Amino acid sequence: MKPPLRSEDDRRAMVEGVASGDIDVIVSAHDPRGAEGKRRPFAEAADGAVGLETLLGAALRLYHNGEVELPRLLRALTANPARLLKLNSGRLAKGAPADLVLIELDTPWIVEPERLCSKSKNTPFDGARLEGRAVLTFVAGRPVYNYAD
């Protein structure tokens, strides 16, 4: 990954920044790489990992652990990035695009790389237990993802 994973102190500082609002945007640097680029000695391995499919569940750990309030966390994942990029999205309002995600907050699941939709399957969350996932996604009012499918 680029930047690479850091120390626990660095992780705690990031969590505190999100909780206080000093860090107000959370994004996934979804940069999957195939096994051929990753199965090398660490210093030679390609940067990158699947991030899109695990972002919500990983971020919700902060909510489930009581470290970040849910509204602040969801704003950091939706409205704040849209505002920063000057997009007419990331919010529910008359005239705004009907880009919606239905989330089951308390649904536990295990990250199984072979079940990820990404062409690449490398993830730092391989085997991790996450809680909460997107189950239905709409873009401009049209369904584009259904976990049940």
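Up top you'll find the structure we're talking about.
Residues numbered from 1 in each chain as written. Predicted model: local features only at pLDDT ≥ 70, side-chain atom pairs only at ≥ 80, totals over all residues. Heavy atoms only, no water.

## Considering the environment of Leu100
Alright, step 1. For Leu100, the location among the structural elements is in strand β1 (residues 100-110).
Alright, step 2. For the pair Leu100 and Ser89, spaced 11 residues apart in sequence, the C-alpha to C-alpha distance is 9.6 Å.
Alright, step 3. Leu100 has contacts with Leu92, Leu136, Thr137 and Phe138, leaving out every residue within four places of it along the chain. (Helix = DSSP H or I, 4+ residues; strand = E, 2+ residues; numbered from the N terminus. Contact = heavy atoms within 4.5 Å.)

## Description of the environment of Thr137
Alright, step 1. Within the secondary structure, Thr137 is located in strand β2 (residues 129-139).
Alright, step 2. Thr137 sits 36 residues away from Val101 along the chain, and the two C-alpha atoms are 4.4 Å apart.

## Considering the pattern of salt bridges
Alright, step 1. Inspection of the entire model under this criterion finds 3 salt bridges.
Alright, step 2. The partner of Arg11 in a salt bridge is Glu8, and the shortest N-O contact between them spans 2.9 Å. One end of the pair is Arg11 and the other is Glu8, both in helix α1 (residues 8-20) and 3 residues apart, which spans about a single turn.
Alright, step 3. Since its relative accessible area comes to 37%, Arg11 is described here as partly exposed.
Alright, step 4. Given the relative accessible area of 45%, Glu8 is considered partly exposed. (Salt bridge = Lys/Arg side-chain N within 4 Å of Asp/Glu carboxyl O. Buried < 20%, exposed > 50% of the residue type's maximum accessible area, 1.4 Å probe, protein only.)

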